[in-house]
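Residue-level listing of the chains:
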Amino acid sequence: MKTDTVAARGSGVVRRVLEAELKAARARGVEQPSVVDVGGGSGGWAVPFASAGCLVTVVEPNPNALATLRLRAEEEGVSHRITVIADDSDALATHVAAGSADLVLAHGLLEVVDDPAAVLGALASAAAPGGAVSILVANRHAAVLHRALAGRIAEAQALLASADGVVPDGRDTVLRRFDSESLRAQLVAAGLEVTLLQGDRIVSDVVPGEVREDELAEFEQAASAVPAFRDVAGRLHALARHP
């Protein structure tokens, strides 16, 4: 069954912000908002956006992820609303016209690209006037805290000392992690104004399994914008626009 909401992966904190962006685009007279999902993987965000009536472009180089995306889109009956570009994020400007997207997503992307500044520049260029860029990244402080709480003190110490927030032994799963200030600085350097910076998955990864989902969601929503909680959340979510 299709819904008119974006029931994408992750907590409701991010989803609610993105749903508000869709509503704002429609209020501007955009009947079918244009969404560009860079590094969109298997369609965790793209398929729900398409189900909500958006025209979605997914830029993703992984053929296995794209195969899953196509299957999910077919099952939901939204293949006609999704354009797949099998290429790296570096080629975004080649495939997406400047100023054409009402919403640009880069979720879990900046941690793994070779040049995050260049990617952010391309994301900013793709956003239309009045549109927004949504960034979701791994939080370095959370990585330190979770390892320390798990008793992996040496690893936590290495992460704490690392300039990029990674374990310097070549075994980390990402190239870098961010904190609130470094993420904000990168967005500003790309010519964007940060209008929202919040935490996502503040306690979701560590609370006991018996916690009620509705209570957890309510707490996450309330705590997401509190700086002390935001700065130790599993992920940082930023929304930015052209000034």
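Preceding block: the structure.
Report follows, based on the coordinates. (Residues numbered from 1 in each chain as written. Predicted model: local features only at pLDDT ≥ 70, side-chain atom pairs only at ≥ 80, totals over all residues. Heavy atoms only, no water.)

A separate point is a negative patch on the surface. Taken together, the side chains of Asp 88, Asp 90, Asp 114 and Asp 115 define an acidic patch exposed on the protein surface. With respect to the secondary-structure elements, Asp 114 resides in the loop between strand S4 (101-107) and helix H5 (116-126). For Asp 114, a relative accessible area of 72% puts it in the exposed group. (Patch = residues over 30% accessible without salt bridge, like charges linked within 9 Å, V, L, I, M, F, W, Y side chains within 5 Å. Areas by Shrake-Rupley, 256 points an atom, 1.4 Å probe, with all protein chains shown as cover. Salt bridge = Lys/Arg side-chain N within 4 Å of Asp/Glu carboxyl O. Lys, Arg positive; Asp, Glu negative; His and termini not counted. Charge placed at Lys NZ, Arg CZ, Asp CG, Glu CD. Helix = DSSP H or I, 4+ residues; strand = E, 2+ residues; numbered from the N terminus. Buried < 20%, exposed > 50% of the residue type's maximum accessible area, 1.4 Å probe, protein only.)

The next point concerns the side chain of Ser 224. Mapped onto the fold, Ser 224 is located in the loop between helix H9 (213-223) and helix H10 (227-230). Among the polar contacts listed, one links the side chain of Ser 224 to the backbone oxygen of Gln 221, at a separation of 3.0 Å. (Polar contact = N/O pair within 3.5 Å; in protein donor to acceptor, adjacent residues only side chain to side chain.)

In the contact formed by helix H6 (residues 140-149) and helix H7 (residues 153-161), the axes pass within 7 Å of each other and the chain directions differ by 165 degrees. Our classification of the angle between H6 and H7 gives roughly antiparallel. H6 and H7 meet at a crossing whose hand is left-handed. Here Arg 140, Ala 143, Val 144, Arg 147 and Ala 148 of H6 come into contact with H7, specifically with Ile 153, Glu 155, Ala 156, Leu 159 and Leu 160. (Axes fitted to C-alpha atoms, helices over the stretch in contact; angles between N-to-C directions. Parallel < 35°, antiparallel > 145°, perpendicular 65-115°, else oblique. Left-handed = near helix turned anticlockwise from the far one by under 90°. Contact = heavy atoms within 4.5 Å.)

On to the nonpolar core. Counting 31 residues, the largest nonpolar core has Leu 123, Ile 135, Leu 183 and Leu 187 as the members making the most contacts within it. Put simply, the parts of the chain that give this core at least two residues each are strand S1 (34-38), S4, H5, strand S5 (127-138), helix H8 (180-189), strand S6 (193-200) and strand S7 (235-241). The leading source of residues in this core is H5, at six residues. Not counting residues within four places of it along the chain, the set of residues in contact with Leu 187 comprises Leu 120, Ile 135, Leu 192, Val 194, Ala 238 and Ala 240. (Core = buried A, V, L, I, M, F, W, Y, C linked by side-chain atoms within 4.5 Å.)

On to the side chain of Glu 60, then. Note that Glu 60 resides in the loop between strand S2 (55-59) and helix H3 (63-76). In this structure Glu 60 comes out as buried when scored by relative accessible area, which is 9%. At a separation of 3.0 Å, a polar atom in the side chain of Glu 60 contacts the main-chain amide nitrogen of Asn 62. Ignoring any residue separated from it by four or fewer positions in sequence, one finds Glu 60 in contact with Gly 39, Gly 40, Gly 41, Ala 65, Leu 66, Ile 85, Ala 86 and Asp 87.

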